[in-house]
Amino acid sequence: MSGNLLLSAQHLSVRFGGLLAVNDVGFEVHEGEVFTLIGPNGAGKTTVFNLISRIYQPTSGHIDYVGPGGTLRLTGQAPHAVAELGIARTFQNIELFEHASVLSNLLIGRHIRRRTGLLSDMLFTGRARAAEVQAREKVEEVIDFLDLQHYRDTLVGGLPYGVRKVVELGRALCTEPRLLLLDEPSSGLNVEETDDMAFWIEDISKDLGITVLMVEHDMSLVSRVSDRVLAMNQGEVLALGTPAEVQAHPGVAEAYLGTIDDVSNLRRPAGQQVGGRA
Ligand SMILES: Nc1ncnc2c1ncn2[C@@H]1O[C@H](COP(=O)(O)OP(=O)(O)O)[C@@H](O)[C@H]1O
Ligand SMILES: [Mg+2]
């Protein structure tokens, strides 16, 4: 395994009324790894993400996170603290400002981690000005990194779906995360765009050194980029190991692989674009 422990989920459970969406799930993510959750629809994968982002409170169990100031109980933090701790995410359904340009969307993404206060913003003090310059620099860096120069001033609503997925990735990167959560990064993408997405994930992991926790259905993408895979089914952990180990697990094959939930064979060939939104 790669680096030090970064995130540790222990005995997590979430109940929605009569449904146990997550049932006693535990796993550890280490610095520098690409850790992927797989499982059929409804397995509880997005719910696990929502626990880490503090959108949901676990019914039982907890998550610890090694933040800049040491280990803390993530499940005890306020939702707005998550971004400041260096955790960023993309959503299963893209969440961007459609009527704003790519540049504006990235700047908005960046602003959530600004540390200057409202008063200094209003007075535009030296500190606020320095933060603004830094934000611009970071955003330009991300535009370069993800090859978005061409779309810089385009309104997000007018972009092809595949580009919007990259912009959403960019918005998350602008916060300079230590842990990046990607919920189905390849959903809605054609073969070529999925290939590009695999490259971005590899670059984010290897060149930027950002730890990636991902939910993904495309097993060829999963095998290519993941160090370890956690398979879930009906809220429970089914298997944990390398991509090959997990794919060889009999329970995983039964619950998941070779079914319609592995989308790698269903993708549109390159050239066929999704017209509007997903
Ligand atoms: N806010 C919610 N209220 C009620 N049920 C929910 C809620 N969020 C998710 N669920 C249910 O929890 C289960 C797991 O959902 P989810 O985590 O989205 O699955 P996955 O991402 O693996 O497809 C599903 O049965 C889903 O319908
Ligand atoms: Mg989901």
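In the annotation of an unreviewed UniProt entry, the protein chain is listed under the name ABC transporter ATP-binding protein and assigned to Comamonas flocculans.

This part is about the pairing of strand β8 (residues 211–215). β8 sits mainly inside the fold: 5 of its 5 residues count as buried. When strand β3 (residues 34–38) meets β8, the two strands line up parallel, connected through 4 bridges. Across the sheet, Val34 pairs through a bridge with Val212, a residue of β8. In the sheet, strand β7 (residues 179–183) pairs with β8 via 5 bridges, with the strands oriented parallel. Bridge pairing in β8 places Asp183 opposite Val215. In this fold, the crossover linking β7 to β8 by way of helix α7 (residues 191–206) has right-handed handedness.

Our focus in this paragraph is the packing of helix α3 (residues 102–111) against helix α6 (residues 161–173). At their nearest, the axes of α3 and α6 sit 7 Å apart, and the two run at 35° to each other. α6 is crossed by α3, and the crossing has right-handed handedness. Residue-level contacts link Val102, Asn105, Leu106 and Gly109 of α3 to Val167, Gly170, Arg171 and Ala172 of α6. Here the contact of α3 with α6 is composed, by residue class, of 4 nonpolar, 3 polar and 1 charged.

Thresholds, definitions, all that
- Residues numbered from 1 in each chain as written.
- Chains lettered and ligands numbered in written order.
- Predicted model: local features only at pLDDT ≥ 70, side-chain atom pairs only at ≥ 80, totals over all residues.
- Buried ≥ 20, exposed ≤ 12 C-beta atoms within 10 Å, placed from the backbone.
- Helix = DSSP H or I, 4+ residues; strand = E, 2+ residues; numbered from the N terminus.
- Pairing = 2+ DSSP bridges.
- Right-handed = clockwise from strand over helix to strand, strands pointing away.
- Axes fitted to C-alpha atoms, helices over the stretch in contact; angles between N-to-C directions.
- Left-handed = near helix turned anticlockwise from the far one by under 90°.
- Contact = placed C-beta atoms within 7 Å.
- Nonpolar A, V, L, I, M, F, W, Y, C, P; charged D, E, K, R; others polar.

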